[in-house]
Amino acid sequence: MEAARLGAAGAAGLHKAFCPKAARELVGNVDAFLFDCDGGSSDLVWSGVIWKGEKLIEGVTKALQALRSMGKKVGFVTNNSTKSRKQYVEKFRGLGISVHEDEIYPSSFGAAMYLKVNNFPQDKKVYAIGGDGILEEMSFAGYTCLGVTKDANKKMELKRGFKFEHDKSVGAVVVGLDPYINYYKIQYATMCIRENPGCLFIATDRDAVGPLTDVQEWPGTGSMVGAICGSTQKEPIIVGKPATFMMEFLLKRFNMSTSRMCMVGDSFPDVLFGQNSGCKTILVLSGV
Amino acid sequence: GTKNSSSGCALHWATWQTLPSTRSGTPNGQPESSRHTSARANSDHPPPPPPPAVACATRSHPIQIRKPPFIAPYLLKHPLPHGTPEEATFLSSSLFLCGGVYLLVGGGGDMLGSRAVPHCPLALRAALPSTSGSPNLAAIGQRGRRLLSNVFLKPCSPSRAAAAGRRRSSGWKPRMASYSAAVRASSAPKLENADALIDSVETFIFDCDGVIWKGDSLIDGVPETLDMLRSRGKRLVFVTNNSTKSRKQYGKKFETLGLSVTEEEIFASSFAAAAYLKSIDFPKDKKVYVVGEDGILKELELAGFQYLGGPADGEKKIELKPGFLMEHDEDVGAVVVGFDRYFNYYKIQYATLCIRENPGCLFIATNRDAVTHLTDAQEWAGGGSMVGAIWGSTKQEPLVVGKPSTFMMDYLANKFGILKSQICMVGDRLDTDILFGQNGGCKTLLVLSGVTTLDVLQSPNNSIQPDFYTNQISDMLSLKAAAV
């Protein structure tokens, strides 16, 4: 089973050298492989599990084909909420990998699923700080979503008697990565959380920084979340890594126990995410 | 007596300490890196010579309080990751010697510090990122006590106990704030005898939003009340966390509202940021990056500091394309963050780069208020959100110069040569104004003409109780002493 050599995960694991025998063993014991995709935003570089820069890492396509042909389930997890699953499929395709919508799990999808799983009422609205990915996923889940890029250019006139209006039927505020963050959005989210009774405060993740360009790190969702925490003095519910919501959701999806899953990542937080849930973990050294 | 520390200490004691100029023999300009070095040195080498002392001066008696030598062994046993909020919190907390017991008093962004002095066995601030809200003193006290008994509690030597006793008798009155308030069943009383209060103090410090004005509208009875207090010989000071205007600009606002207040009586957090940098001898060849509005820029200019940023960066856009690199000025030695309605991602990134990449770069916050009254109609997200954003991307705790940090209080007391027990702080917010007054050891009067309602004051969730409350400051005109 040379094909089982798993090009992408071929680098030495932390604890065991990933020789063909170990590979076969692992593949035999595991029914699903989760790959971390993190580090990137819309048009840019993703971290070193699947590709580095514009180049696909050698053997990745072969490895994925091999896994699928063995009947293994494959999943791609990312904290980047700027795109929806559909948009990620396009992204993958543009970089040479064919994946199915059901194999991708961005935190935008995670946020929508959190609401669904917790029976968020359809007559309530969602206010989102983030990219259109959140808007799309919310729509697919049947929820009305306000905010995102529509509010990127809003300005306000702070005159005597001016009242900032907000929609009283917003029942949840979702905060994701947003390079178009501004005071209008902060104020809108603040008003919803403070004044709409029972309004949820959900965050896709709290990553402080991420390599949004290939040459430098940029502030992550952690800063948007920090802003809303600062004005509401409330803590959010996290749906992305390393919180385990996504994992629990995946377990139900795949209908298997975590011991039959393997998390493949290029950094320790990914390994942690896997270990927190009781999966096997592979650390890939082709990345950071 | 013992020598005073370097001003490297001042970097951490902004919330707690008087200005270096009050101490005799001022050493100067120890670079920021020395703080890191001393923390790291503790984990590499045997305990160093006694760490620097901290001065907590009253008008007549500069007091030396020494950090006990076992702080070094503690750090050896529990080395704190360098540059983390945990380290900042620990380094910025004070270990006091009082009555033979070492008390660890919290630091960091929240001002729990002085609440522990001296009766409370412990008020240990857990080393968590600060999300300033009303502290739950009872819980922290218990947790602190447990931790203290495991780690710190050591009876001091007889000579130290004697020294502590001498300090007490020499007139140092510990500023005991309301730890007891946390367990006090009853709420603050309504102000009945205004005359008694007025006679018992020499200075009134007023918060502005919600006390003097609401948005741009004057609250009624204010001019007459201020006139009355002045006619009785009281000094008036106006302290506001709002950093959007400079002192000069506030002077104009007072004038427009028909109040005669001089610039020298106004202390905005914009001024506090500049005054703080002055107090630590921030080098003139270093720059300050400002996430905030015009007030901060004006005050920095007046103080002679170079700055970048401010409202102009509100127009800057970024393109997240491959190969795009945001440059930042390596001479930026401090980032000052305050309320900023032109807040955007460019500023977050610029500030983050300076703090993460410029060695020793300070992260200063004018205030962490969650909400603010920009208009008289409602509340708006406040400086706490801008500071929260920068905290979220750098994971560093800021040095807070505005309320409830006592920096401005210490500055005032020093400038006017007044005793803090002779001051009454009047404000509308519990977690900034009243806490500010209590931390400073002043009397406190809460007014209900601003953000706090009677329900909030009397709620079981509230642990901050002022000395008195009243509806608005003009009540002081109408409330008379009980018939003699």
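An unreviewed UniProt entry lists chain B under the name phosphoglycolate phosphatase, from Colocasia esculenta. Note on chain B: under the UniProt heading Sequence similarities (unreviewed entry), the record states "Belongs to the HAD-like hydrolase superfamily. CbbY/CbbZ/Gph/YieH family." The Subcellular location (unreviewed entry) field of the UniProt record for chain B holds the comment "Plastid, Chloroplast".

With an unreviewed UniProt entry as reference, chain A is termed Phosphoglycolate phosphatase, source organism Colocasia esculenta. Per UniProt, chain A carries the Sequence similarities (unreviewed entry) text "Belongs to the HAD-like hydrolase superfamily. CbbY/CbbZ/Gph/YieH family." What UniProt records for chain A under Catalytic activity (unreviewed entry) is the sentence "2-phosphoglycolate + H2O = glycolate + phosphate".

Asks: Go over the overall build of chain A with me, naming the residues and quoting the values.
Replies: The helix and strand tally for chain A stands at nine helices and 14 strands. Here chain A holds 288 residues, and 57% of them are scored as buried. For chain A, the proportion of contacts with a sequence separation of at least 24, taken over those separated by at least 6, is 68%. For chain A, the exposed surface amounts to about 11,700 Å²; the carbon and sulfur share of it is 53%.

Asks: Lay out the overall build of chain B with the relevant residues and their values.
Replies: Assigned secondary structure in chain B consists of 17 helices and 19 strands. For chain B, buried positions account for 59% of its 484 residues. For chain B, the accessible area works out to roughly 18,700 Å², and carbon and sulfur atoms hold 54% of it.

Asks: Explain the interface of chain B and chain A to me, using residue names and the numbers behind them.
Replies: Taken together, the contact pairs 44 residues of chain B with 39 residues of chain A. For the pair chain B and chain A, the summed buried surface comes to about 3,500 Å²; carbon and sulfur atoms form 61% of the total. Taken as a group, L320, Y345 and W380 of chain B account for 20% of the area that chain B buries against chain A, more than any other trio of residues on that side. The tally of links between chain B and chain A comes to two salt bridges. Note that R356 of chain B is salt-bridged to E217 of chain A, the shortest N-O span being 3.1 Å. Between chain B and chain A we count nine residue pairs in polar contact (both at pLDDT 80 or more) in total.

Asks: Which residues make up the UniProt feature "binding site: Mg(2+)" (unreviewed entry) in chain A, and what are the values?
Replies: Residues and elements named next belong to chain A. Sites flagged by UniProt as "binding site: Mg(2+)" (unreviewed entry) map to D36, D38 and D266. Here D36 shows up in strand β1 (residues 32-36). On the basis of relative accessibility, which here comes to 1%, the residue D36 falls in the buried class.

Asks: Explain a negative patch on the surface to me, using residue names and the numbers behind them.
Replies: Residue and element names in this part refer to chain B. Together, D285, E327, E330, D331 and E357 make up a region of like negative charge exposed at the surface. Position of E327 relative to the elements: it lies in the loop between β11 (306-309) and β12 (332-337). E327 sits in the exposed class, given a relative accessible area of 57%.

Asks: If you had to explain the domain arrangement of chain A to someone new, which residues and values would you point to?
Replies: Residues and elements named next belong to chain A. In terms of domains, chain A is made up of domain 1 (24-108 + 242-283) and domain 2 (120-238). Counting residues at the interface gives 17 residues for domain 1 and 17 residues for domain 2. Here domain 1 meets domain 2 over a buried area of about 1,400 Å², counting both sides, of which 56% is carbon and sulfur. Among the residues domain 1 hides against domain 2, the three largest losses belong to N79, S81 and T82. Together they make up 29% of the total. The salt bridge partner of E137 is R85, with a shortest N-O separation of 3.5 Å. Where domain 1 meets domain 2, there are six residue pairs in polar contact (both at pLDDT 80 or more). Of all elements in the fold, only α3 (85-94) and α4 (107-117) reach the threshold of two or more residues within the side of domain 1 that touches domain 2. Its residues placed into classes, the side of domain 1 that touches domain 2 shows three nonpolar, 11 polar and three charged.

Asks: Report on the sheet that holds strand β13 (residues 261-265) of chain A, specifying residues and quantitative values.
Replies: The strands making up a sheet associate through hydrogen bonds between their backbones, and the pairing can be parallel or antiparallel. Residues and elements named next belong to chain A. Here we have five strands laid out as an open sheet, ordered β5-β4-β1-β13-β14, and parallel in their pairing. This sheet does not close on itself; its edge strands, each paired only once, are β5 (104-106) and β14 (280-283). Each strand of the sheet is rotated relative to its neighbour by a mean of 20 degrees, with strand direction disregarded. Across five bridges, the pairing between β1 and strand β4 (residues 73-78) is parallel. Residue pairing in the sheet places F35 in a bridge with F76 of β4. Against the sheet, α3 contacts β4 and β5, and its axis sits at roughly 120 degrees relative to β5. In the packing of helix α8 (residues 245-254) onto the sheet, contacts are made with β1, β4, β5 and β13, and the angle to β5 comes to roughly 155 degrees.

Asks: Report on the packing of α4 of chain A against α8 of chain A, specifying residues and quantitative values.
Replies: Residues and elements named next belong to chain A. Look at α4 against α8: their axes get within 10 Å of each other, and the N-to-C directions meet at 75 degrees. Taken together, α4 and α8 sit at an angle that is classed as roughly perpendicular. Residue-level contacts link S107, F109, G110, M113, Y114 and V117 of α4 to F245, M246, F249 and R253 of α8. Split into classes, the residues belonging to the contact of α4 with α8 amount to seven nonpolar, two polar and one charged.

Asks: Can you tell me about the domain arrangement of chain B, naming the residues and giving the values?
Replies: Where interface size is quoted, it is often the accessible area lost as the parts come together. All names here are of chain B. Domain parsing of chain B yields domain 1 (186-241 + 403-483) and domain 2 (281-401). Taking the mean C-alpha position of each, domain 1 and domain 2 sit 30 Å from one another. Of the residues lining the interface, 12 residues belong to domain 1; the matching set on domain 2 comes to 12 residues. Roughly 980 Å² is buried in total at the junction of domain 1 and domain 2, and carbon and sulfur atoms are behind 46% of that figure. If you sort the residues of domain 1 by the area they bury against domain 2, K214, N241 and R429 come out on top, with a joint share of 41%. At the surface where domain 1 touches domain 2, the tally comes to zero salt bridges. Taken together, the links from domain 1 to domain 2 amount to four residue pairs in polar contact (both at pLDDT 80 or more).

Asks: Which residues make up the nonpolar core, and what are the values?
Replies: In this structure, V173 of chain A together with V335 of chain B are the most contacted members of the largest nonpolar core, which totals 55 residues. Sequence-distant contacts of V335 of chain B, that is, excluding residues within four places in its chain, are made with Y289, A351, C354, I355, C361, L362, F363 and I364 of chain B. If you look at the next biggest cluster of nonpolar residues, it comprises 37 residues, including L297, V336, L362 and L412 of chain B.

Asks: Describe the sheet that holds strand β13 (residues 362-365) of chain B, listing the residues and the values that go with them.
Replies: All names here are of chain B. Read across the open sheet, the five strands follow the order β11-β10-β12-β13-β16; overall the sheet is parallel. Looking along the sheet, the strands with just one partner apiece sit at the ends: β11 and β16 (399-400). Sheet analysis places strand β10 (residues 287-291) next to β12, joined by five bridges and oriented parallel. Note that in β12 the partner of K287 across the bridge is V332. The strands touched by helix α10 (residues 269-279) are β10, β12, β13 and β16; relative to β13, the strand with the most contacts, the crossing angle is about 145 degrees. Its contacts with the sheet place helix α12 (residues 345-357) against β10, β11, β12 and β13, and it is angled at close to 145 degrees to β10.

Asks: An account of the pattern of salt bridges is requested, with residue identities and associated values reported.
Replies: Throughout the structure, instances matching the rule amount to 31 salt bridges over all chains. The salt bridge partner of K185 of chain A is D178 of chain A, with a shortest N-O separation of 2.7 Å. Put simply, R232 of chain B and D199 of chain B hold a salt bridge, and the shortest N to O gap is 3.2 Å. Of this pair, R232 of chain B sits in the loop between α8 (222-231) and β8 (235-240) while D199 of chain B sits in helix α7 (residues 194-200); the two residues are 33 residues apart in sequence, bridging distant segments of the chain. The exposure class assigned to R232 of chain B is partly exposed, which follows from its relative accessible area of 32%. The structure contains a network of salt bridges with shared partners spanning R85, K86, E101, D102 and E137 of chain A.

How each quantity is defined
- Residues numbered from 1 in each chain as written.
- Chains lettered and ligands numbered in written order.
- Predicted model: local features only at pLDDT ≥ 70, side-chain atom pairs only at ≥ 80, totals over all residues.
- Heavy atoms only, no water.
- UniProt positions renumbered as here; feature names shortened; annotations may be inferred.
- Helix = DSSP H or I, 4+ residues; strand = E, 2+ residues; numbered from the N terminus.
- Buried < 20%, exposed > 50% of the residue type's maximum accessible area, 1.4 Å probe, protein only.
- Contact = heavy atoms within 4.5 Å.
- Areas by Shrake-Rupley, 256 points an atom, 1.4 Å probe, with all protein chains shown as cover.
- Buried area = accessible area lost by both parts, 1.4 Å probe.
- Salt bridge = Lys/Arg side-chain N within 4 Å of Asp/Glu carboxyl O.
- Polar contact = N/O pair within 3.5 Å; in protein donor to acceptor, adjacent residues only side chain to side chain.
- Patch = residues over 30% accessible without salt bridge, like charges linked within 9 Å, V, L, I, M, F, W, Y side chains within 5 Å.
- Lys, Arg positive; Asp, Glu negative; His and termini not counted.
- Charge placed at Lys NZ, Arg CZ, Asp CG, Glu CD.
- Domains from an automatic or database assignment.
- Nonpolar A, V, L, I, M, F, W, Y, C, P; charged D, E, K, R; others polar.
- Pairing = 2+ DSSP bridges.
- Axes fitted to C-alpha atoms, helices over the stretch in contact; angles between N-to-C directions.
- Parallel < 35°, antiparallel > 145°, perpendicular 65-115°, else oblique.
- Core = buried A, V, L, I, M, F, W, Y, C linked by side-chain atoms within 4.5 Å.

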